[in-house]
Amino acid sequence: MGLALQSHLGTRCHGTVTRLPPVANQLEPETLTMPAPRVTLLLACLLIPMMFGSATAQDNWPRFRGVDANGVVADNDKLPIAWDRTKNVAWKTEIPGLGWGSPIVWGNRVFVSSVHSDADYEKPKAGLYLGRGRPVPPDTIHHWMVYCLDLPSGKVIWKHEAHTGKPKMPRHPKSSYAAETPTTDGERLYVLFGDLGLFCYDLDGKPLWTHSIEPRKTLFGYGAAASPVVEAGQVIYVYDNHESSYIQALDGKTGKSRWKVTRKEKSTWATPFVWNHAGGTEIVVAGQKENRAYSPDGELLWHFDGKMSVLTIPSPLIAKGLLYITSGYFQDPKRPVFAVAPGARGDITLAAGQTSNEHIRWSLQRMGPYNTSPIVYRGRYFTLLDRGMATCHDAETGELIYNRTRFPRGASFTSSPWAYNGRIFCLDERGTTHVIPADGKFRVERTNALGELCLATPSIVGKRVLIRTAAHVYCIAK
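So, a few notes on the structure that sits alongside this text. The structure displayed is predicted, hence computed values, not measured ones. (Residues numbered from 1 in each chain as written. Predicted model: local features only at pLDDT ≥ 70, side-chain atom pairs only at ≥ 80, totals over all residues. Heavy atoms only, no water.)

### Focus on the sheet that holds strand E3 (residues 89–94)
- On the basis of which strands lie adjacent, the open sheet formed by four strands has the order E3-E35-E34-E33 and antiparallel pairing. Because the sheet does not close on itself, it has two edges, and the strands there are E3 and strand E33 (459–461). Adjacent strand axes in the sheet meet at a mean angle of 20 degrees, parallel and antiparallel pairs treated alike.
- Alignment of strand E34 (residues 464–468) against strand E35 (residues 472–476), held across four bridges, turns out to be antiparallel. (Pairing = 2+ DSSP bridges. Helix = DSSP H or I, 4+ residues; strand = E, 2+ residues; numbered from the N terminus. Axes fitted to C-alpha atoms, helices over the stretch in contact; angles between N-to-C directions.)

Rendered as structure tokens:
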């Protein structure tokens with residue numbers, strides 16, 4: 001879900017780090033003091049998979065939807081297919097408060113953000129609200145928190161209170177003040193609380209810098225929710241609102257602004273996508289008025305009017321060289337999908353009556369999802385619709401394979417799907433994962449129930465699936 005004056009605070013940080021007793025599986029002293037040649041060899045072994053994108057890259061999950069931001073991981077027979085509240089649960093850790101950002105993982109550390117309140121107020125619930133956000137923020141003290149968990153055991157290694165106070169902006173009643181997924185470059189952790197600020201830590205929990213964000217009005221008071229991304233030593237975030245929208249890049253080491261570009265947009269909530277291809281690197285951002293791509297220096301590379309939905313939430317993704325952009329509030333007749341080829345420059349808007357051009361390979365109308373981001377797996381473009389239905393198209397041509405096929409009654413979705421081992425996994429809001437074979441024929445092979453509210457998108461690392469519920473992080477493993 002997602003949904004300009006900046007006050008840069010330099011190295012000023014809020015709160016203190018609470019460190020818990022050491023946990024198992026930490027590096028032994030002799031590993032830390034190994035001779036230089038061994039260190040060089042070890043670093044080379046770690047960097048090669050990251051550079052060339054091999055299957056082992058899934059051992060880290062550094063951002064929303066993983067290394068490639070598409071929710072797909074390499075097949076691994078050690079990954080689980082079946083689970084419930086006790087079966088194949090390696091550990092379960094309670095996280096106070098609410099947070100709909102995904103867990104991210106670097107090495108043996110899991111990072112999540114959350115916000116809890118000193119007094120109870122309206123709790124989110126499954127299903128569609130069909131209404132506006134809340135007009136005023138809750139009048140109670142909140143605590144903006146960052147947690148680091150041990151991946152093998154689930155124990156809390158450290159936690160840090162980034163900010164304490166009353167919220168200045170309202171939020172959608174189904175959302176959280178920690179709706180964004182953190183990100184990491186392997187050296188630093190970047191945690192965005194969208195209407196508050198961006199907080200940077202080292203991986204041991206030491207606060208490094210804080211960049212404050214002036215809160216702005218959003219559509220119906222829904223708040224912010226787009227997650228940050230990292231690229232070329234920068235952490236980049238988008239704040240589309242109803243007053244002064246922009247995209248900004250901060251230096252990862254210092255937090256100082258490298259560039260900031262005004263966007264002629266109203267409130268949107270799509271996480272940016274870093275597109276690396278033979279022609280260069282692009283920061284792709286969906287928008288209600290236009291979809292745009294920026295260079296790593298903030299230069300506008302291409303744009304097009306996609307006649308996007310009034311609520312633009314799904315994040316772009318790529319598969320086999322094509323970029324997919326979509327949006328689709330279910331009550332809006334504008335719910336488009338676009339497949340874009342690399343190398344575009346300038347205005348690539350489709351002419352009236354066109355469904356494709358030199359740069360837009362194909363497009364569809366009334367096929368976009370509301371909250372969930374699509375997935376491309378084994379040549380098929382799969383869309384999970386909030387109201388408990390799925391569509392499937394050929395990823396290369398856009399040809400329809402099946403349309404609006406319904407899940408079992410009662411299923412509704414906010415989490416984005418993920419895939420491995422020839423299956424697509426769809427986590428509904430009541431905590432049940434529906435497992436669908438990825439053969440182009442819709443059927444639910446099995447369901448895995450946790451029985452808790454689930455709005456966050458799961459993460460996959462090695463042989464583990466991390467599922468965040470309203471109250472816990474579950475580690476699912478055989």
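### Describing the environment of Lys168
- Within the secondary structure, Lys168 sits in the loop between strand E7 (156–165) and strand E8 (183–184).
- On the basis of relative accessibility, which here comes to 68%, the residue Lys168 falls in the exposed class.
- Setting aside its immediate chain neighbours within four residues, Lys168 contacts Pro137 and Pro215. (Buried < 20%, exposed > 50% of the residue type's maximum accessible area, 1.4 Å probe, protein only. Contact = heavy atoms within 4.5 Å.)

### Describing the environment of Ile141
- Checked against the element boundaries, Ile141 lands in the loop between strand E5 (109–117) and strand E6 (142–150).
- Relative accessible area serves as the criterion here: at 31%, Ile141 is assigned to the partly exposed category.
- Separated by 24 residues in the primary sequence, Ile141 and Ser117 place their C-alpha atoms 5.8 Å from one another.
- Ignoring sequence-local partners within four residues, the contact set of Ile141 consists of His116, Ser117, Asp118, Thr164, Gly165 and Lys166.

### Overview of the packing of aromatic side chains
- According to the stated counting rule, one finds 23 aromatic pairs in the structure shown.
- For the pair Tyr329 and Phe330, a centre-to-centre distance of 5.1 Å together with 65 degrees between the ring planes defines the contact as edge-to-face.
- Among the aromatic residues, ring-to-ring pairing joins Trp83, Trp418, Tyr420 and Phe425 into one connected group.
- Geometry around Tyr129 places Lys125 over its ring, the cationic atom sitting 5.8 Å from the centre. (Phe/Tyr/Trp six-rings, centres within 6.5 Å; stacked < 30°, edge-to-face > 60°. Lys NZ or Arg CZ within 6 Å of the ring centre and 35° of its normal.)

### What to know about the nonpolar core
- Counting 31 residues, the largest nonpolar core has Trp83, Trp418, Tyr420, Ile460, Val465, Leu466 and Ile467 as its most contacted members.
- Going through the elements one at a time, E5, E6, strand E29 (418–420), strand E30 (423–427), E33, E34 and E35 are the ones with two or more residues in this core.
- The dominant element in this core, judged by the number of residues it contributes, is E35, at four residues.
- In this structure, Ile467 is in contact with Trp83, Leu427, Thr433, Leu450, Cys454, Pro458, His472, Val473, Tyr474 and Ile476, ignoring residues within four places of it in sequence.
- Counting 19 residues, the second largest nonpolar core, distinct from the first, contains Phe273, Leu301, Ile325 and Leu350. (Core = buried A, V, L, I, M, F, W, Y, C linked by side-chain atoms within 4.5 Å.)

### Points about the pattern of salt bridges
- A complete count under the given rule lists 17 salt bridges for this structure.
- Two residues, Arg109 and Asp204, come together in a salt bridge whose shortest N-O distance is 2.9 Å. Of this pair, Arg109 sits in strand E5 while Asp204 sits in the loop between strand E10 (197–202) and strand E11 (207–213), placing them 95 residues apart in sequence.
- Across the pair Glu282 and Arg345 runs a salt bridge whose closest N-O atoms are separated by 3.6 Å. Of this pair, Glu282 sits in strand E17 (residues 280–285) while Arg345 is found in the loop between strand E22 (337–340) and strand E23 (346–347), placing the two residues 63 residues apart along the sequence.
- Taking relative accessible area as the criterion, Arg345 reaches 47% and is therefore assigned partly exposed.
- Connected via shared salt-bridge partners are Asp185, Glu187 and Arg188. (Salt bridge = Lys/Arg side-chain N within 4 Å of Asp/Glu carboxyl O.)

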